Each structure stands twice: as C-alpha cells, then as structure tokens.
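# Overview (structure and organization)
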Amino acid sequence: MLLAHGFTQTAQSWSLVQHLLRARGFDDIKAIDLPGHGSADDVRADLWGSADHLVAAGGRTTYIGYSMGGRIGLHAALAHPHEVERLVLIGATAGIDNADARAQRRTDDELLADRIGTIGVEAFIDEWLQNPLFAGLTPSQALREDRLHNTADGLASSLRLAGTGTQAPLWDRLIEISCPVLLLVGQHDQKFRAIAERMATALPNAELRAIDDAGHSVHLEQPERIVDALVDWMAKE
C-alpha cells in the first residue's frame, strides 16, 4: 500500500495507521511526502505531475489518499490505470464542476498562498487548523509539530499548482476507473459525505463507508476504525 497525505501534512501523519495495518499482517506499506511537503518540499508539480510522483514511488499497488492525497490518487488512477490495483479515497473530491465557483476557489488559493509567505508557516498552520473541517481534532491528533516541518515556499507552491481551484473536474471521467474503489468519509463531514455519495454513483466499482464519530480528518480522528474498514474491504476483493 502507498499512503498519500493531505495539504500541510507529511508522510509522518500516517504513522499510526501504518502501525495498525502492520499489526493486522500488512507488511508492505509505505507513505511518501507529496510535492511541496516534507522531504519533497522543493518538488514543484501540478496534480498530474503529483500523480506521476506518487506512482513512481509506489509502482503497482493499492493507493490510499486523504483529501489532497485522494485528489492526487484519482489522477493517478486515470493516468496510470495499470499501476493502481485498488484506490481508497478519504474525504476527497473529483473537483468543483461549477466554473465560477472553481475560479473563485483558485483566487482564494492564490490569496492563501500569498498569506503563507507573509505570516510564515507557524502562524499559517495555527490559522489552518482553525478551519471548521478540523474541529474534531484534538491537539495531539492535529499533529501540529509535524506540519511545521513544511516550508512557506513549498506549501504555497502546492496551493498554486495542485489546489482544488486548479483541478479540472473529473466527474465525467470517473467511469474510466475500473479498479475497486473504497470511499471513506467521516460521519460528521457533511460536505464530503455528499461528495462521496455522488462519486459512489459515478464510479463503476465503488463502495462507500461512513466512519462513526469522525469529521474530515478520519485517519487522524479514528485510525482504528479506518483500518477495520480497510481490512474488511480488502478481504472481500
């Protein structure tokens, strides 16, 4: 399995999930830093380039992506269908299909990228974690110290090149993804639950599971339940 993190996180954010999976008998598990983050801080790539970065590290395997990592995983499944055996998407989207809303999101992402450079990583991370999407995270679950390993230039480039506003909608292309897909979403994450329900109807071979007592950051809030759902789903494949 290859694990792909969300915006402002690093590969380290998957440590507990990796530990739990290994305890369940899964040995070949790897997490990588995505472009603009962690050890890949100086890598510059859009979503398609990020998908290449992901697959170059994983080869033929199961790809598991959270939020931004899920969006990159979707691109990987379309660009490298023979390498993506299975796809697990946690709180991910196929894009904003309203052109005006997408343009506004791109403008917002550009402003946010500028703000990172102005206030610095530490202040930005503190602001970012105040987003209502992350209201369910305890201080220890938020992994603030790990997020501080990122740089202002790296995070800004990620927003500008691979932010949701840059993403061409993939809704009409979901039918091309023939591999098994597991869609995981937090019970309390109403926005992304609706998105996941829509994706489940568009993907040819998808299963949707809502994780109890979780918001957007399901893998941080309920890692044991994520692993239970993942192991159960893979056992059926």
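Scroll up to find the structure.
What comes next is a walk through the structure. (Residues numbered from 1 in each chain as written. Predicted model: local features only at pLDDT ≥ 70, side-chain atom pairs only at ≥ 80, totals over all residues. Heavy atoms only, no water.)

### Some thoughts on the environment of Gln190
Operational definition: Numbering goes from the N terminus for both helices and strands, where a helix is a DSSP run of H or I of at least four residues and a strand is a run of E of at least two.
Within the secondary structure, Gln190 sits in helix α9 (residues 190-202). Measuring from C-alpha to C-alpha, the distance between Gln190 and His82 comes to 33 Å, with 108 residues separating the pair along the chain.

### Concerning the pattern of salt bridges
Working definition: two side chains of opposite charge can pair if their charged atoms are close together. Operational definition: Whenever a carboxyl oxygen of Asp or Glu lies within 4 Å of a side-chain nitrogen of Lys or Arg, that contact is scored as a salt bridge. Only protein chains enter the calculation, and the probe is 1.4 Å; a residue is then buried if its accessible area is under 20% of its type maximum, exposed if over 50%, and partly exposed in between.
This model, assessed by the stated rule, comprises 16 salt bridges. The salt bridge partner of Asp109 is Arg105, with a shortest N-O separation of 3.1 Å. Residue Asp109 and its partner Arg105 are located together in helix α4 (residues 99-119), separated by 4 residues, close to a single helical turn. By relative accessible area, which is 6% here, Asp109 ends up buried. Among the salt bridges present, the one from Arg115 reaches Glu127, with a minimum N-O distance of 2.6 Å. Pair noted here: Arg115 is in helix α4 and Glu127 is in helix α5 (residues 121-128), with a separation of 12 residues, a long-range link. Note on Glu127: relative accessible area 38%, which makes it partly exposed. One salt-bridge network, held together by shared partners, links Glu122, Asp126, Arg144 and Glu145.

### A short note on the packing of helix α1 (residues 15-23) against helix α11 (residues 223-236)
Here is the rule we go by: Angles run from 0 to 180 degrees between N-to-C directions of axes, and those axes are lines fitted to C-alpha atoms, restricted for helices to the stretch in contact. Throughout this description, any angle smaller than 35 degrees is read as roughly parallel, any larger than 145 degrees as roughly antiparallel, any in the 65 to 115 degree range as roughly perpendicular, and the remainder as oblique. Left-handed is the label given to a crossing in which the near helix is rotated counterclockwise from the far helix by less than a right angle, and right-handed is the label when the rotation is clockwise. Contacts: residue pairs with any heavy atoms within 4.5 Å of one another. Note on residue classes: Ala, Val, Leu, Ile, Met, Phe, Trp, Tyr, Cys and Pro are nonpolar, Asp, Glu, Lys and Arg are charged, and everything else, Gly too, is polar.
Viewed as axis vectors pointing N to C, α1 and α11 meet at an angle of 45°, and their least axial separation amounts to 10 Å. Here α1 lies oblique to α11, going by the angle between them. Between α1 and α11 lies a crossing whose hand is right-handed. Of α11, the residues touching α1 (which contributes Leu16, Val17, Leu20 and Leu21) are Pro223, Glu224, Val227, Leu230 and Val231. Broken down by class, the residue content of the contact of α1 with α11 amounts to 8 nonpolar, no polar and 1 charged.

None of the figures reported here should be taken as evidence of function without further support.
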